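# Structural overview
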Amino acid sequence: MDGTGSWDALDWTKFDEQPMSASVPHGVAELLMEAEEVLVQGIGVVLVNTDEAGTLYVTNFRLLLVSEGSRNIIGLGTIPLTVIEKFNKHKHSSAPRQSDKSPSKRLLQVFGKDMRIIVYGFRPKTKQRHAVFDALWRYTRPTLLGELYTFSCGPSKFNNSNPKVRLVKEYLRLLGKSSFNVSDSMIEDGSFSVSNEWWRISAVNSNYSMCATYPFSLIVPKFISDEEVMQASTFRARGRLPVISWCHPGTGAVLARSSQPFVGIMMNMRNVADEKLVAALCIQVAGKESRRKLYITDARPKKNALANGAKGGGSESSSNYSQSEVVFFGIDNIHAMRDSLARLRDYLDTHGSTSSDGMLSFLRDGGWTWGKGNLSSMSASVSTLGDSGWLSHIQSVLAGSVWIAARVALESSSVLVHCSDGWDRTTQLVSLASLLLDPYYRTFKGFQALIEKDWLAFGHPFSDRMGLPTVSAISNAPVELSRQSSSGIISTSPLRIHSGSAFSTPVGSSFHAQNPSDYSPIFLQWVDCVSQLLRMYPCAFEFSSAFLVDFLDCMLSCRFGNFLCNSEKERQQSGIYDACGCMWVYLNDLRASEGLSHAHHNIFYDPTKHEGVLLPPAATLAPTIWPQFHLRWACPSEAQAGEVEAHCRTMTDKYAEMQKAKEMAEAKSKELTIRMESLAAELQKDRRLYSSAVEKAKQAWRENSAIKRALQSLGCKVQFSGNASRASDIESLPTETRQQSLHSSLREYEGGWLTDEKMDLSVSITHMDGRVHSDSPVNKLCENLCPFRTGEGCKWPDAECAQVGSQFVGFKANFDAFDRLSIHECYFGSK
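Residues numbered from 1 in each chain as written. Predicted model: local features only at pLDDT ≥ 70, side-chain atom pairs only at ≥ 80, totals over all residues. Heavy atoms only, no water.

Bringing the pairing of strand E14 (residues 414–418) into the picture now. Of all 5 residues making up E14, 5 are buried, and the element is well covered by its neighbours. Here E14 shows no split at all, with Ser414, Leu416 and His418 on one side and Val415 and Val417 on the other all buried. Bridge count between strand E11 (residues 254–257) and E14: 3 bridges; the pairing is parallel. For alanine 256, the partnering residue across the bridge sits in E14 and is leucine 416. Bridging between strand E12 (residues 294–298) and E14 involves 5 bridges; their strand directions are parallel. Counted as the bridge partner of aspartate 298 is histidine 418 from E14. (Buried < 20%, exposed > 50% of the residue type's maximum accessible area, 1.4 Å probe, protein only. Helix = DSSP H or I, 4+ residues; strand = E, 2+ residues; numbered from the N terminus. Pairing = 2+ DSSP bridges.)

What follows is the structure, encoded as structure tokens:
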């Protein structure tokens, strides 16, 4: 990094007395988003991770760090407020080897839900850190939904359509009734109920009275009445009865979901309506006498399910549900996932190239060197990654989902999935199994339909899991937790004391979530699982890993309202759909701006290669770090693990440009060909005109020659002349010369001499001697017509009347007149 922007190069004197101001300096306003307002401003703040200085703005949407030199946004130091999990104050004293004059540092440490840990350094005695900390304390912990930035921004140009209509359309697709049209009015009056051979869409929960966290419409067995559905809901936790999430269009096998049953500690409580509803999921297999088998999969460890029995919950007994088998997956709860991700984030910050304490991982432990081959530190880092447990949890979710998809695809069995409440692990397993079974969900539209159905409509508590306020009453009492107790992060601080850093204990901290115990990265974990499948099957998905990253960023930032609240009912009550923008419209607009060349499109996508179910073998279920998401802050240069994809995209873009250039060249070549053909046709036409003109010129020359001979037979001298001062004495030229003159005249005709419409050709005719032949026709003409002619002879004073050039009988011949005159040589005989 350029030293001009570093901590040591700053002139701290100019920041000592700078007042904290919310005013926006010139040039910063253009960096703000729509309706984004600056609340607090800190000047001369240093990003310790990269030792880069800038101005820190706290806005109603994010922490915005602008570079001191370039005035550009520093990506690592800019984070939306809702992405902040928690933040702490730290003190950092100068090391003994440093000069006493070097400024001591006041640090603010920010933990992000997107895997980054940011540390900002403030000059002491400026009160800037205190102002920023107070602003974060207030604006990262809103008590009301309306305080979020998305409500200030409004829908803007990203208006949301009715998600209920989209949900019913997805139901109709699953039932094979896609041609059925759905409108808002049908949703309001409940006339959307449709059925096929086995299943029907029910409006029994249209007013959310049966189950507040389920959608307004449900798919249930066709021959189970709404009354029986209501009775079955009383036997399941939070009224989340077994309903169909996905059904096979050919075999009738289904994926169903629910919450745990109220079987009690002895597992002997029963409900007739629930058993009948579950049995109806096992419709008879076509062409077989035996009934379809039902697998009841409990996502929890078995001991946890039994422990829930003491609270009235528990798991089903296969003896009470015919043709069923109960299977436990052993996936840990939300608290284990929260702690695991925190350990992974700490590992990446410790061993990444951009650490929150500004120290390279290769210099952190001075005991090992490359030369001596002591790589114990490297080995320890790999061990720490395994201790985080994140990849093990990913593997568990993947394995459970593949197992479910295999039962449906290979055995045509139905599967009922649940955990405790049926909205965390259940949603992960059902939606991931649907993604494996149905290629439609591996497209952009299908991926949206899958998330809106299984995650949003079926009540995954996004507000609780993301630490956001809901429509319910929220206490305004401040929550202050220590770093270890707030999120279960391991005790080793990213600002590591053991690594030689002189950081002291935190002097203040704040956890972002309203209820820290409910915060958990369940949805992030599911998207991570999708990325693992994308890595295994790069040709099966229309979208790329870059799309998943941007999708997660939009979800975590709460810039749009799609993932607010805990249920469909709460979003409807709070008017989310009308008050906030739609993330799906925003992402669609991004892709539309560049078409298929956009980074969200998977360049390897081939729908014909994976038209059916994806069933990865157990040996392939070995997840790895998702580099585009997990490493983008800690190891930015290594984050592009999809370097091949990026290279292929570049090559594809170049190929597209070359293809476009080729098409333009072909179009231009075609245009030139058409023009050449047109010019050739015109040239051919000119040649025909030329040939015709030559023939006419030859004919005129022959006629002129005939006239000349006729006049010469009268003893006259013929001379041609034009307005171009051309003249030729035809009679005086030898025969060969006369032929050359003829060809020359024709060439001049080709060059345009005779094409001048204004050119006149004059012919002078003069008698060659003064005698009048008595037998000549002229003499006879004179004798008959001339008044000066007498029997004694001509009485003309100067010359004889036979002088054809005199005023009496002389004449001028116009070329056009000769042209119209048809005189043939045969009139006068051969010369």
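Taking 1.5 Å as the rise per residue, helix H14 (residues 444–457) with 14 residues should run 20 Å; its terminal C-alpha atoms sit 18 Å apart, in good agreement. Burial of H14 is extensive: 13 of the 14 residues sit out of reach of the surface. (Expected span 1.5 Å × (residues − 1).)

What follows concerns the packing of aromatic side chains. Using the criterion set out here, one finds 30 aromatic pairs in the structure. Each ring, one from phenylalanine 447 and one from phenylalanine 551, has its centre 5.8 Å from the other, and the planes form 70°; the classification is edge-to-face. Placement of phenylalanine 447 in helix H14 and of phenylalanine 551 in helix H18 (residues 545–557) is noted, with a sequence separation of 104 residues between them. Phenylalanine 551 matches phenylalanine 447 in its accessibility class, with the two residues each being buried. Aromatic pair tryptophan 455 and phenylalanine 462: ring centres 6.3 Å apart, planes at 50°, arrangement tilted. Across this residue pair, the class does not change: tryptophan 455 and phenylalanine 462 are buried. The rings of Phe444, Phe447, Trp455, Phe462, Phe523, Trp526, Phe541, Phe543, Phe547, Phe551, Phe563 and Trp584 are connected pair by pair, giving a single aromatic cluster. Its end group placed over the ring of phenylalanine 111, lysine 86 keeps NZ or CZ at 4.9 Å from the ring centre. For the cation-ring pair, lysine 89 lies above phenylalanine 133, with the distance from its terminal atom to the ring centre recorded as 4.4 Å. (Phe/Tyr/Trp six-rings, centres within 6.5 Å; stacked < 30°, edge-to-face > 60°. Lys NZ or Arg CZ within 6 Å of the ring centre and 35° of its normal.)

A word on the UniProt feature "active site" (unreviewed entry) in the protein chain. Mapped onto the present numbering, the UniProt feature "active site" (unreviewed entry) falls on Cys419. When you line up the elements, cysteine 419 lands in the loop between E14 and helix H13 (425–437). Beyond its immediate stretch of four places on either side in the chain, cysteine 419 contacts Ser258, Ser259, Gln260, Asp298, Ala299, Arg300, Asp424, Arg425 and Thr426. (UniProt positions renumbered as here; feature names shortened; annotations may be inferred. Contact = heavy atoms within 4.5 Å.)

For the pair H14 and helix H17 (residues 522–536), the least separation of the axes is 14 Å and the interaxial angle reads 145°. Between H14 and H17 lies a crossing whose hand is right-handed. Counting all contacts with H14, which are made through Phe447, Leu450, Ile451 and Trp455, the residues of H17 involved are Ile522, Phe523, Trp526 and Val530. Broken down by class, the residue content of the contact of H14 with H17 amounts to 8 nonpolar, no polar and no charged. (Axes fitted to C-alpha atoms, helices over the stretch in contact; angles between N-to-C directions. Left-handed = near helix turned anticlockwise from the far one by under 90°. Nonpolar A, V, L, I, M, F, W, Y, C, P; charged D, E, K, R; others polar.)

As a further point, take the nonpolar core. With 162 residues, the main nonpolar core has Leu63, Tyr120, Phe447, Phe523, Trp526, Phe551 and Phe563 as its most contacted residues. Looking at this core element by element, the count peaks at 10 residues for H17. Apart from the residues within four sequence positions on either side, phenylalanine 523 is in contact with Ile451, Trp455, His460, Phe462, Phe551, Leu552, Met555 and Phe563. Counting 6 residues, the second-largest nonpolar core is a separate cluster that includes Val28, Val38, Tyr57 and Val66. (Core = buried A, V, L, I, M, F, W, Y, C linked by side-chain atoms within 4.5 Å.)

In this structure the tally under the stated criterion is 20 salt bridges. Among the salt bridges present, the one from aspartate 454 reaches lysine 453, with a minimum N-O distance of 2.8 Å. Residue classification places lysine 453 among the buried residues on the basis of a relative accessible area of 1%. Note that lysine 662 is salt-bridged to glutamate 666, the shortest N-O span being 4.0 Å. (Salt bridge = Lys/Arg side-chain N within 4 Å of Asp/Glu carboxyl O.)

Now for the pairing of E12. Burial within E12 is extensive, with 5 of its 5 residues counted as buried. Burial of E12 is two-sided: the residues Leu294, Ile296 and Asp298 facing one way and the residues Tyr295 and Thr297 facing the other way are all buried. Relative to strand E13 (residues 324–328), E12 is paired through 5 bridges, and the arrangement is parallel. Residue pairing across strands places tyrosine 295 opposite glutamate 325, the latter belonging to E13. Considered for its hand, the β-α-β crossover made up of E12, helix H8 (residues 302–309) and E13 is right-handed. (Right-handed = clockwise from strand over helix to strand, strands pointing away.)

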